[in-house]
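Inside the fold
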Amino acid sequence: MLKQVPLLAGIAPAKLKLLALTSERLTYRKGEVLFRQGEPGDAAFVILQGTANVLAETPQGEIKIADLFANSVVGEISIICNVARTATVRAETQVEVLRITKENFMRLLTDFPEVSLEIVRVLASRLSQTTMELTAERSHRSQGLH
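Residues numbered from 1 in each chain as written. Predicted model: local features only at pLDDT ≥ 70, side-chain atom pairs only at ≥ 80, totals over all residues. Heavy atoms only, no water.

**A look at the pairing of strand β3 (residues 43–49)**
Of all seven residues that make up β3, six are buried, and the element is covered over most of its length. The pairing of β3 with strand β8 (residues 95–101) spans six bridges and is antiparallel. Each bridged residue has a counterpart across the sheet, and for A43 the counterpart in β8 is T101. As paired strands, β3 and strand β6 (residues 73–74) are joined by two bridges and run antiparallel to one another. The partner of F45 across the bridge, within β6, is V74. (Buried < 20%, exposed > 50% of the residue type's maximum accessible area, 1.4 Å probe, protein only. Helix = DSSP H or I, 4+ residues; strand = E, 2+ residues; numbered from the N terminus. Pairing = 2+ DSSP bridges.)

**What about the sheet that holds strand β5 (residues 61–68)?**
One open sheet holds the four strands; their spatial order is β2-β7-β4-β5, and the pairing between them is antiparallel. With one partner strand each, in any of the chains shown, β2 (33–35) and β5 form the two edges of the open sheet. Sheet twist, expressed as the mean angle between neighbouring strand axes with direction ignored, is 35°. Both strand β4 (residues 52–58) and strand β7 (residues 88–91) contribute to a ladder of four bridges, which runs antiparallel. In the sheet register, A52 faces β7, and the bridge partner there is A91. (Axes fitted to C-alpha atoms, helices over the stretch in contact; angles between N-to-C directions.)

Structural data, given as structure tokens:
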């Protein structure tokens, strides 16, 4: 299953098997929270089956930032940046995940530089998308003020 995850596609099958054996497979029911915004980041998650929502708490309430599907990786930002969780992830359907501890995830990055590069690509893409959305929102607001 892990071979289908773009982030992990370049890793040798034996190493993927070891990663799977050292990680925890969990199931969350619809509506259950995988982790909450503000919590310490102790693991990354690979979505194996199902869908989940990435949600942010704002002064105006909760907003949906993104949808997660099978083969998505989430929770890596808090591990890499050593910061609290930047968002909440809630199961939209029943979700099966592979929970990779911070220690194992960091070892993965150290042992496989190509994984680190792919994570940089994914994070840069997210940043680009966020920048475009923020620019559009600010442009829309400024037009409404005139």
